[in-house]
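# A look at the structure
Each chain, written out:
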Amino acid sequence: MKKWPIIVIVIFLLIALATSFMKRSGGDRCALDATKIEPIYQVDVTPTDGKTLKFCCIECSKKYIAANRGKVSAVTVTDEVTGKRIDASIAWFVESSIVTNQSTGNKIHVFAEKADAEKHAKDFSGTVISNPFMINHGEHGD
């Protein structure tokens, strides 16, 4: 009896089980490290030549952008108060004591409103920082 048909069937079953498990675990996965994405911390990066990529935190998206300088056309972040996606160029960023992702150590939080950013900074020993995605740091665009 030939063994290869059994091996093929076993491989097929393993792939089917793995696919089923991934679907059940639900949610999107980070394009950089495959970490499950918490929607409130999601960052979307659109390369100039491709499909939008989803990231689990600011740190992962910054690593991707640094490795792809000049090849990114848009960055969308999530306001932690409303869950609404906004363009990173109009967002307020706070580096605080709250870690959003244990594996990356990300402590950068995103807000649509300046007052929300300032409140988070005050409540969690943080600082309002410039847009971490901008090449020319130091301005918000007010």
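Placed above this text is the structure.
For the structure given in this document, a descriptive report is provided here. (Residues numbered from 1 in each chain as written. Predicted model: local features only at pLDDT ≥ 70, side-chain atom pairs only at ≥ 80, totals over all residues. Heavy atoms only, no water.)

A separate point is unusual backbone geometry. The phi dihedral of A34 falls on the positive side, at around 65°, and the residue is not glycine. Tracing the chain through its elements places A34 in the loop between α1 (4-25) and β1 (43-47). (Helix = DSSP H or I, 4+ residues; strand = E, 2+ residues; numbered from the N terminus.)

Let's shift gears to the packing of aromatic side chains. A full pass over the atoms with the stated rule returns two aromatic pairs. On the numbers, 5.4 Å between centres and 40° between planes, the contact of F55 with Y64 is tilted. Considering the side-chain rings of F93 and F133, the 6.1 Å spacing of their centres and the 75° angle between planes classify their relative orientation as edge-to-face. Within this pair, whereas F93 is found in strand β5 (residues 92-95), its partner F133 is found in the segment after β7 (127-129), the two being separated by 40 residues in sequence. Of the two residues, F93 and F133, neither departs from the other in class, the shared state being buried. (Phe/Tyr/Trp six-rings, centres within 6.5 Å; stacked < 30°, edge-to-face > 60°. Buried < 20%, exposed > 50% of the residue type's maximum accessible area, 1.4 Å probe, protein only.)

Glancing now at the sheet that holds strand β4 (residues 85-87). Taking strand neighbours across the sheet as the criterion, the four strands line up as β2-β1-β3-β4 in an open arrangement whose pairing is antiparallel. The open sheet is flanked by β2 (53-55) and β4, the only strands paired with a single partner. Across this sheet, the average inter-strand angle for adjacent strands is 25°, counted without regard to direction. Lying over the sheet, helix α2 (residues 58-67) contacts β1, β2 and β3 (72-78), oriented at roughly 15° with respect to β1. (Pairing = 2+ DSSP bridges. Axes fitted to C-alpha atoms, helices over the stretch in contact; angles between N-to-C directions. Contact = heavy atoms within 4.5 Å.)

Overall, the coordinates contain four salt bridges when judged by the stated rule. The partner of D44 in a salt bridge is R85, and the shortest N-O contact between them spans 3.9 Å. Residue D44 is found in strand β1, and its partner R85 is found in strand β4; the two are separated by 41 residues along the sequence. Judged by relative accessible area, which is 13%, D44 ranks as buried. Residue R85 is classed as partly exposed on the basis of its relative accessible area of 34%. We note a salt bridge from E59 to K62, for which the minimum N-O separation is 3.7 Å. (Salt bridge = Lys/Arg side-chain N within 4 Å of Asp/Glu carboxyl O.)

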